[in-house]
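# Descriptive structure summary
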Amino acid sequence: MSPFERTPARGSRVPHRRFGQRVARMFRSSASVALALLVSACTASGPAQPRPPQSGVIDGIEPTTGRASVGLVLGAGGSRGFAHLGVIKVLEEASLRPDLVVGASVGSVIAALYCAGLGIEELERIALELDRSDVLDFNPFSGGVFSGVRLQEFVNRAVHGRPIESLRTPLAVVATERASRSLVAFTRGDTGLAVRASSSIPIVFAAPWIEQKAYVDAAVVDPLPTSIARRLGAEVVLAVNLMRRPDARGSGRTSADVVIDVVLPRTRMSDFSQRQAQISAGEAAARALLPRMRHLIERQPG
């Protein structure tokens, strides 16, 4: 038997073994402390996680002096949503900027970028350069054909990570709570996640979970939720309808003062080939109703 393999007699002292055990315990203790400090440092210095969207009341909607407060509702319509840009262009040229914007489905995408302060030229540039891969991420294991994460990230990049309540213009993003099939207006928290919820067409997009509830496209209940703008304090409600059958779902039209019906051919959700024609169609529809909108918004003296 080798001296290094010899078993010590019972009762004999083995100081070298006890010393090794003490060193091992010290090492484990030091390693635990170091690990705890490392985790703490990473947590403290890491980027803050955006807060989940929350519903609530928008406070402080103040109209421009001399006119009524205006709520602009941008409705659902899939890839036809580029038409919203044409409507916004006309309102901007006429100095009729809304005091509140309500977005449903694709309307919430345009609404978020507009409320973040992007000018119409920048919005058009983004729209014309947009590729399907910028917002659509094929993932059949997510619960839908697309997960919707890429859309969420696209919106948050465009608004520079600002939450809804920090945007330049007050915004309400409308989605449907899946279990109760009730409309919810998100007015605080993560802008991209709220837009993702509002745009999550069942089966096509996975339904995101927010505070233990799943949300789907606003159009499941109402593609033109003008009642939300009215409840949030808008005195004049302008709504942009992109649905081919305006009265097919929802009762939003009855709560609006002006409904801008943009007549567009049906296109696939992922078909971006008609974007310029859609922008022009939205512009033409808004110009036709501009005198009426101006009359309702501009308060008469006395």
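So, here's what we can say about the structure. (Residues numbered from 1 in each chain as written. Predicted model: local features only at pLDDT ≥ 70, side-chain atom pairs only at ≥ 80, totals over all residues. Heavy atoms only, no water.)

## Focus on the overall build of the protein
How we decide: Numbering goes from the N terminus for both helices and strands, where a helix is a DSSP run of H or I of at least four residues and a strand is a run of E of at least two. When accessible area is computed with a 1.4 Å probe and restricted to protein chains, residues below 20% of their type maximum are described as buried, those above 50% as exposed, and intermediate ones as partly exposed. By definition in these notes, contact holds between two residues if any of their heavy atoms fall within 4.5 Å. Calculation of accessible area relied on Shrake-Rupley with a 1.4 Å probe; when residues are assessed, cover is drawn exclusively from the protein chains displayed.
Counting secondary structure elements, the protein contains nine helices and nine strands. Looking at the protein residue by residue over its 302 residues, the buried ones come to 48%. Here the analysis covers contacts within the protein between residues at least 6 apart in sequence; of these, 72% occur between residues at least 24 apart. When the accessible surface of the protein is summed, it comes to about 16000 Å², and 54% of that surface belongs to carbon and sulfur atoms.

## Things to note about the pairing of strand β3 (residues 100-104)
Cut-off, in case you're wondering: Strand pairing is assigned whenever DSSP identifies at least 2 bridges connecting the two strands.
For β3, the buried fraction is high: five of the five residues fall into the buried class. Pairing of strand β2 (residues 70-74) with β3 involves four bridges; the strand directions are parallel. Residue pairing for β3: L72 is matched across the bridge by V101. Strand direction decides the pairing type here: β3 and strand β4 (residues 171-177), joined by four bridges, are parallel. Opposite A104, over in β4, you have V174 as the bridge partner.

## Some details on empty space enclosed by the protein
Rules: Here the term cavity refers to a set of points on a 1 Å grid, laid over the protein atoms alone, in which a 1.4 Å probe fits but cannot get out; the term pocket refers to an open set having protein on both sides within 12 Å along at least five of seven lines, with lining residues being those that place an atom within 4 Å of a point. Grid points are joined across faces, edges and corners, and a volume is the space filled by probe spheres set on the points.
Scanning the model with the defined rule gives one cavity of 30 Å³ or more in all. Counted as a void, the largest cavity has a volume near 420 Å³. If you go around the largest cavity, you meet 23 residues; those closest to its centre are V106, V109, L130, V135 and F272. At the level of secondary structure, the elements contributing two or more residues to the lining of the largest cavity comprise α3 (106-115), α4 (120-129) and α6 (149-158). Looking at which element gives the most residues to the lining of the largest cavity, the answer is α3, with four residues.

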